[in-house]
Amino acid sequence: MRKKCKTYIVLVMFFFGTVGQIKAEENIMIKNIARDNTLFALDLYNQLKMTDGNLFFSPFSIFTALAMTWAGARENTAVQMAETLHFTEKPAQFHRAIGDLISQLNGVQKETDVELSIANAIWAQKGYQFLDEFFRIVQQSYQADLKQIDFSSAAESARQAINAWVEQQTNEKIKDLLPPKVLNALTRLVLVNAIYFKGFWDNQFKSRDTREMEFWLLTEVAVKVPMMHQEHQFGYWENDWLQIMEMPYKEESLSLIVLLPKEKTGITDLEQKLNFENMMAWQSRLRKRKVIVFFPKFKIESQFSLAQTLALMGMPDAFDPELADFSAMVGQKELYISAVIHKAFLEVNEEGSEAAAATGVVVGVTSIAPSPPIFKADHPFVFFIRDNKSQSILFLGRVLNPA
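Remember, predicted model here, so these are calculated numbers, not experimental data.

Procedures and definitions
Residues numbered from 1 in each chain as written. Predicted model: local features only at pLDDT ≥ 70, side-chain atom pairs only at ≥ 80, totals over all residues. Heavy atoms only, no water. Helix = DSSP H or I, 4+ residues; strand = E, 2+ residues; numbered from the N terminus. Rg over C-alpha atoms; globule rule 2.2 N^0.38 Å. Buried < 20%, exposed > 50% of the residue type's maximum accessible area, 1.4 Å probe, protein only. Areas by Shrake-Rupley, 256 points an atom, 1.4 Å probe, with all protein chains shown as cover. Lys, Arg positive; Asp, Glu negative; His and termini not counted. Charge placed at Lys NZ, Arg CZ, Asp CG, Glu CD. Contact = heavy atoms within 4.5 Å. Phe/Tyr/Trp six-rings, centres within 6.5 Å; stacked < 30°, edge-to-face > 60°. Lys NZ or Arg CZ within 6 Å of the ring centre and 35° of its normal. 1 Å grid on protein atoms, 1.4 Å probe; cavity = no way out; pocket = protein on both sides within 12 Å on 5 of 7 lines; lining within 4 Å. Points joined across faces, edges and corners; volume = space filled by probe spheres on them. Nonpolar A, V, L, I, M, F, W, Y, C, P; charged D, E, K, R; others polar. Polar contact = N/O pair within 3.5 Å; in protein donor to acceptor, adjacent residues only side chain to side chain. Core = buried A, V, L, I, M, F, W, Y, C linked by side-chain atoms within 4.5 Å. Axes fitted to C-alpha atoms, helices over the stretch in contact; angles between N-to-C directions. Left-handed = near helix turned anticlockwise from the far one by under 90°.

(A) Here's a closer look at the overall build of the protein chain. Within the protein chain, the secondary structure is distributed over 11 helices and 15 strands. Here the C-alpha atoms of the protein chain give a radius of gyration of 23 Å, agreeing with the 22 Å that 2.2 N^0.38 yields for 403 residues. By the burial criterion, 55% of the 403 residues in the protein chain qualify as buried. Put simply, the protein chain shows about 18100 Å² of open surface, and 50% of that area lies on carbon and sulfur atoms. Side-chain charges of the protein chain comprise 42 positive and 47 negative groups, with the mean position of each set lying 7 Å from the other.

So, in structure tokens, the structure goes:
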């Protein structure tokens, strides 16, 4: 009897030790995925910053949609995509880890007052011979809904169905993701990611404190905007040219982090220094202290067609009918990416923030505190919304004119 008890205890101890080790490995891989996403986010920002005006997108949405597509890539196409997206894990481990991260992010709203949902879906041509293994990966790892549809005879109806799904998943914030004629009779597959976020500030601004104030544009002309105001404890750090502040949402599961150059026209210099090493170093220096805050209310909507941008970033083969290799989808080289469409929405007000984004990949044939610092965002700044547990950047953008 005594021997049985000892044996039982040894087995239980071994079991819990193994589970703990697996959990630790999962956490490491999730951190690696978050790092990969941040590197990709900054690379893509460096390309998109050339566009005029305000900028807002979800690197995580684009990253996820392309990761699903990567599951069907082989040879040089797969290598180029992995390098461009900064994938560091082997495919099997990567897909499992990003699935764990998606589950973790979707679990945030079960544990907090924040609304955060990530949904994936794939629409496949009816009767087309896709490989079961490809569908297994995207369904199991990405929790993607598989929908059979007929692009060959009803491309417009398919477009409307996909857009309706996106609109539903994003609380009607992202409408008409796929424009007319982006799908046609040669379309064989559409992979879509939709992300929706709504969070209330952990310490809300009061509407009575919002006042019309000047916001200085890069042209050194000022426009009047509604400027929110409060004095509270926030994560804060500054050096001689930059101020950084973290404004957490309820229960601090996610945060809005703002990078504000001290010079009114300093955003160009800031964007040149916006790299992974600096981002990590700046965030690590944030410390809670009382800050006098002036921050504008604003709303941004953006839309991008990213095929050419992604090709320039290092994955041209995926968009070339002659070179693309997505044989892990159908067993032969007859598919290529014909379009990558991304659309994003953000609104920031006294209560908090609401953000949504969707990405469609179309595949076709062929210290002692001195007086509180003043954080006055009355000129262009960069910002991002971060999941604090995984350190994943879910949304990234800049405000040049909040009016």
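(B) Region of interest: the side chain of S253. Structurally, S253 can be placed in the loop between β7 (242–248) and β8 (254–261). Residue S253 is classed as buried on the basis of its relative accessible area of 12%. For S253, the contacting residues outside a window of four places in its chain are V108, T112, V114, R386, D387, N388 and K389.

(C) Quick peek at the environment of Y128. With respect to the helices and strands, Y128 occurs in the loop between β2 (115–125) and α6 (132–140). Placed 61 residues apart in sequence, Y128 and L189 show a C-alpha to C-alpha distance of 9.6 Å. Apart from residues lying up to four places away in sequence, Y128 is in contact with R188, V330, E334, L335 and V365.

(D) Up close: the packing of aromatic side chains. Tallied over the entire structure, the rule returns 21 aromatic pairs. Consider the rings of W70 and F87, whose centres lie 4.6 Å apart with planes at 55°: the pair is tilted. Here F87 lies in the loop between α3 (75–85) and α4 (91–106) and W70 lies in helix α2 (residues 59–70), a separation of 17 residues in the sequence. Note on accessibility: W70 and F87 belong to one class, buried. In this structure an aromatic cluster arises from ring pairing among F56, F295, F298, F381, F383 and F395. A cation sits over an aromatic face here: K273 above W241, 4.0 Å from the ring centre. The ring of F294 is capped by K376, whose NZ or CZ atom sits 5.6 Å from the centre of that ring.

(E) Spatial organisation of the layout of surface pockets. In this structure, the largest pocket occupies an estimated 240 Å³ of space. In terms of lining, the largest pocket is formed by 14 residues, of which the most central are P91, A92, H95, E133 and I137. Residue assignment for the lining of the largest pocket shows that the elements contributing at least two residues are α4 and α6. Class assignment for the residues of the lining of the largest pocket results in 7 nonpolar, 3 polar and 4 charged. In this structure, the second largest pocket encloses a volume near 170 Å³. What lines the second largest pocket is simply S103, Q104, L105, G107, V108, E111, T112, S253, D387 and K389. Elements that contribute at least two residues to the lining of the second largest pocket include exactly α4 and α5 (108–111). Looking at the lining of the second largest pocket, the element that brings in the most residues is α4, giving 3 residues.

(F) Representation of the environment of R188 within the structure. Looking at the secondary structure, you find R188 in strand β4 (residues 187–200). On the accessibility criterion, R188 (13% relative accessible area) is buried. Residue contacts for R188: discarding those within four places in its chain leaves W123, A124, Q125, Y128, F130, F151, L335, V363, G364 and V365. Among the polar contacts listed, one links the side chain of R188 to the backbone oxygen of A185, at a separation of 2.9 Å.

(G) Highlighting the nonpolar core. In terms of nonpolar packing, the biggest core is built from 123 residues, with Y142, L259, F295 and F381 touching the most fellow members. With residues near it in sequence (within four places) discarded, L259 still touches L242, Q243, I244, L270, L274, M279, W282, F381 and V382. Within the second largest apolar cluster, 25 residues are counted, among which are A119, A121, A339 and F345.

(H) How the structure looks around the packing of α2 against α4. Two elements in contact, α2 and α4, have axes whose closest approach is 11 Å; the angle formed by their N-to-C orientations is 145°. The crossing of α2 and α4 is left-handed. Residues F60, F63, T64, A67 and W70 of α2 form the contact with α4, whose own contacting residues are P91, F94, H95, I98, L101, I102 and L105. Class assignment of the residues belonging to the contact of α2 with α4 gives a composition of 10 nonpolar, 2 polar and no charged.

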